[in-house]
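For reference, the chains in residue letters:
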Amino acid sequence: MNDIQQLIRKHRFFAGLQESDLELAAGCAANVHFPAGQHLFHEGESADHFYLLRSGRVALEMAVPGRQPVVIETLQAGDVIGWSWLFPPYLWQMDARALLAVRATAFDGKCLREKCASNHDLGYELAMRFAAILTHRLQATRLQLLDVYGSHH
Amino acid sequence: MDPTIESPARPQPATEPMLPDPWRVERVHAETADTFSLELTPVGGPRPLAFSPGQFNMLYVFGVGEVPISISGNPEIESPLVHTTRIVGTVTRAMGKLKAGDLLGVRGPYGSGWPVDAAKGRDVVIVAGGLGLAPLRPLIHHLLAHRADYREIALLYGTRTPQDRIFRADLRRWTARRDLQAQVTVDRAVSGWTGHVGVVTKLVAHAPFDPSNTVAFVCGPEVMMRFTLQELQRRGVPPERSHLSLERNMKCAIGFCGHCQYGSMFVCKDGPVFRYDRVRSLMKVREL
Ligand SMILES: Cc1cc2nc3c(=O)[nH]c(=O)nc-3n(C[C@H](O)[C@H](O)[C@H](O)COP(=O)(O)OP(=O)(O)OC[C@H]3O[C@@H](n4cnc5c(N)ncnc54)[C@H](O)[C@@H]3O)c2cc1C
Ligand code: FES
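Residues numbered from 1 in each chain as written. Chains lettered and ligands numbered in written order. Predicted model: local features only at pLDDT ≥ 70, side-chain atom pairs only at ≥ 80, totals over all residues. Heavy atoms only, no water.

Draft legend 1. Region of the structure containing the overall build of chain B. A count of helices and strands for chain B gives seven helices and 15 strands. Over its C-alpha trace chain B gives a radius of gyration of 18 Å, about what one expects of a compact globule, namely 19 Å for 288 residues. Overall, chain B is about 50 × 45 × 40 Å in size when its C-alpha atoms are taken along their principal axes. Sorting the 288 residues of chain B into buried and exposed places 57% on the buried side. Accessible surface computed for chain B: about 12,000 Å², of which carbon and sulfur atoms make up 50%. On chain B, the mean spot of the 35 positive side-chain charges and the mean spot of the 28 negative ones are 5 Å from each other. (Helix = DSSP H or I, 4+ residues; strand = E, 2+ residues; numbered from the N terminus. Rg over C-alpha atoms; globule rule 2.2 N^0.38 Å. Buried < 20%, exposed > 50% of the residue type's maximum accessible area, 1.4 Å probe, protein only. Areas by Shrake-Rupley, 256 points an atom, 1.4 Å probe, with all protein chains shown as cover. Lys, Arg positive; Asp, Glu negative; His and termini not counted. Charge placed at Lys NZ, Arg CZ, Asp CG, Glu CD.)

Here is the structure:
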C-alpha cells in the first residue's frame, strides 16, 4: 500500500471503501500544497481534478465585474472540492482560493473517469459519495439563502 | 453519570412573583445595529440575583410593558446583571432607548437552565445562531470556570454577516483559547473576512467531539435549531443528549396564564431549555 493510499483511507470521503477501490483511486492521486492566497482553480478552466482537503481553508468565489469576488462558501479539512470533473463539459463553475495554506490530495479526473468506466463498482461508489455531498451542500446553501438567524422564525 | 440527568435545583425568583424590582442601568453596550446589552445593578444596594445559565428574567420598561429576556452575563460573578436584547417591537424599542442611570423593572430568574451536570466528564458542543448566543454565554462562562470538569468544548456560532456577531470581545478571547474550539461562520462575507462562510450546520461535521460521549446545547431561531439537531444526529449525538432553548410569547412567566403553552408543557416553567427528544414532535408543528 503506498503513502497516498494510506492517507486517503483516513479521509471520511473514502470511509468504508474497499482496499482494491482505494488502490485504484490512489493510482490517480498526488499530494499538493497551496500557499495562502493562491488559487486552486479559476472559473471556466478545464476541471481536470478534485481535491480532498487535509488542512487549511479554501474559499469558493464568484468573480463579479467591478467588485471584490463574492465568497459563496468556505471549505476545510475533511471536505471535498470539485465535482465539475464528473460531468461534461468538465469546466470549473467557480474560483477556488486558499484562504489559509492548504494541504490536499488532488485526483486526476480523466484518470478516475477511465477507471470508473472500466470498473462500475468503483464508479457507483464514487457517484454515490458525490451525490451525497451535492445533496448536503444544496441543503446548506438553501439554509444560507433563508437567513436563518436574522428574523424570528 | 446518567446522560439524561436534568439540572439540579434552580435559582428561584428573588422578588414577589408578579412584582418587578427596580434595577439601574449602569452601562449600555451596542452589540450590533439593532442589538444592545444592558448592565444592571439593583437600586438600594447589593442584592445579587443568582441564576443558572439559560434562565431568563421578565424586564419591565416602566409605562410601556414587560418582556422575557435571557440573562446573558457571567453567572460566576455577582454583578452586574446583563441582558442582551434585539429591537423587534414596542417594548424592546423602548428598552433600546434606556441610558445609564435609567431604571428598569426586573423579576426573576425564571425557567429551566442548561443541564450542565449532564455534560460533566463529556465532550460539549455548543451551537448558536445569531442572538441565540446570548442565553448560551452564561453557559460558556460556567464551563470555562469549571474547565477541568469537561472534556473537549466546541463552540460553533453562525450569523448573517460579520457585523451581526454579538459579544465580539468574548469571541476574540474564546477563539484564541486552546481549551475551547470556537468557530464562527457567516452567510455573507465582507471584504477582509477570512473566517468561515456558510451556514452554521456545516461546522457540526468538523467539530472536535466524540459523538458517543457528547452533550449538545443549541440556541437560535427554530429553523436553525431544527437543522442543527439533524446534523448532530447525523454525527451520532442522540436527541436525549441534545438540549435547546425555545421561545414562546409570555405574560406571567410563572405557569399561570397559559400564554406560553407548548403541547402539554409551559415554556416559562418547564423550559425554556428542553431536551430535544421531549419536544421534537412539537417542533414539526407549524402552528400551535
Ligand atoms: C424565554 C425567552 C427568552 C428570550 N430571550 C431574549 C433575549 O435574550 N434577547 C432578545 O432580544 N429577545 C429574547 N426573547 C424574545 C423577546 O421576549 C421578544 O423579542 C420581545 O418579547 C418582543 O417584545 P416587543 O414588545 O419589543 O415586540 P412586539 O411589539 O410584541 O412584537 C414585534 C414583532 O416581534 C415579534 N415577536 C415578539 N416576540 C417574539 C418572540 N419571542 N419570538 C418571535 N417573534 C417575536 C412579533 O410577532 C412582532 O412581529 C426571549 C423570549 C423568551 C420567551
Ligand atoms: S407565561 Fe404564563 S404560563 Fe407561561
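Once you've had a look at it, read on.
Draft legend 2. Geometry of the pairing of strand β9 (residues 181-186) of chain B. All names here are of chain B. Pairing geometry for strand β8 (residues 153-159) and β9, over six bridges, is parallel. Within β9, the residue paired with G158 across the bridge is T185. As a crossover connection, the stretch from β8 through helix α3 (residues 168-176) into β9 is right-handed. Bridging between β9 and strand β10 (residues 196-197) involves two bridges; their strand directions are parallel. Bridge assignment links T185 to a residue of β10, and that residue is H196. (Pairing = 2+ DSSP bridges. Right-handed = clockwise from strand over helix to strand, strands pointing away.)

Draft legend 3. Here's a closer look at the packing of helix α2 (residues 133-145) of chain B against α3 of chain B. Residues and elements named next belong to chain B. As a packed pair, α2 and α3 sit with axes 13 Å apart at the nearest point and diverge in direction by 40 degrees. In this view, α2 runs oblique relative to α3, as classed from their interaxial angle. In this structure, α2 crosses over α3, and the sense of that crossing is left-handed. The residues of α3 that touch α2, namely those facing L133, R137, I140, H141 and L144, are D170, L171 and W174. Per-class residue counts for the contact of α2 with α3 are five nonpolar, one polar and two charged. (Axes fitted to C-alpha atoms, helices over the stretch in contact; angles between N-to-C directions. Parallel < 35°, antiparallel > 145°, perpendicular 65-115°, else oblique. Left-handed = near helix turned anticlockwise from the far one by under 90°. Contact = heavy atoms within 4.5 Å. Nonpolar A, V, L, I, M, F, W, Y, C, P; charged D, E, K, R; others polar.)

Draft legend 4. Just unusual backbone geometry, in detail. The peptide bond linking P88 of chain A to P89 of chain A adopts the cis configuration, its omega dihedral lying at 5 degrees. Among the secondary structure elements, P89 of chain A is positioned in the loop between β5 (80-81) and β6 (95-108). Backbone torsion omega between G271 of chain B and P272 of chain B reads 10 degrees, so that peptide bond is classified as cis. Looking at where P272 of chain B falls in the secondary structure, it is placed in the loop between α6 (267-270) and β15 (273-275). Positive phi, normally seen in glycine, also occurs at Y90 of chain A, with a value near 55 degrees. Relative to the helices and strands, Y90 of chain A is located in the loop between β5 and β6. A positive phi angle is found at A253 of chain B, which is not glycine, with a value near 70 degrees. Its place among the elements puts A253 of chain B in the loop between β12 (242-245) and β13 (261-262). Judged by its relative accessible area of 3%, A253 of chain B falls in the buried class.

Draft legend 5. Seen up close, the interface of chain B and chain A. Facing 31 residues of chain B, the contacting portion of chain A comprises 27 residues. Of the roughly 2,500 Å² buried between chain B and chain A, counting both surfaces, carbon and sulfur atoms make up 55%. For the chain B face of the interface with chain A, the top three residues by lost area are R160, K202 and H206 of chain B, together amounting to 22%. For D147 of chain A, the salt bridge identified is with R160 of chain B, shortest N-O distance 3.7 Å. Where chain B meets chain A, there are twelve residue pairs in polar contact (both at pLDDT 80 or more). The biggest single contributor to the side of chain B that touches chain A is helix α5 (residues 222-235) of chain B, with six residues. Tallied by class, residues from the side of chain B that touches chain A come to eleven nonpolar, twelve polar and eight charged. (Buried area = accessible area lost by both parts, 1.4 Å probe. Salt bridge = Lys/Arg side-chain N within 4 Å of Asp/Glu carboxyl O. Polar contact = N/O pair within 3.5 Å; in protein donor to acceptor, adjacent residues only side chain to side chain.)

Draft legend 6. Structural view of the pairing of strand β3 (residues 49-62) of chain A. Residues and elements named next belong to chain A. Among the 14 residues in β3, ten count as buried, and that is most of the element. Pairing of β3 with β6 involves eleven bridges; the strand directions are antiparallel. In the strand pairing of β6, F50 is matched with F107. In this sheet, β5 lies alongside β3 in antiparallel orientation, the contact comprising two bridges. In the strand pairing of β5, Y51 is matched with I81. Bridging between β3 and strand β4 (residues 70-76) involves six bridges; their strand directions are antiparallel. Residue pairing for β4: L60 is matched across the bridge by E73.

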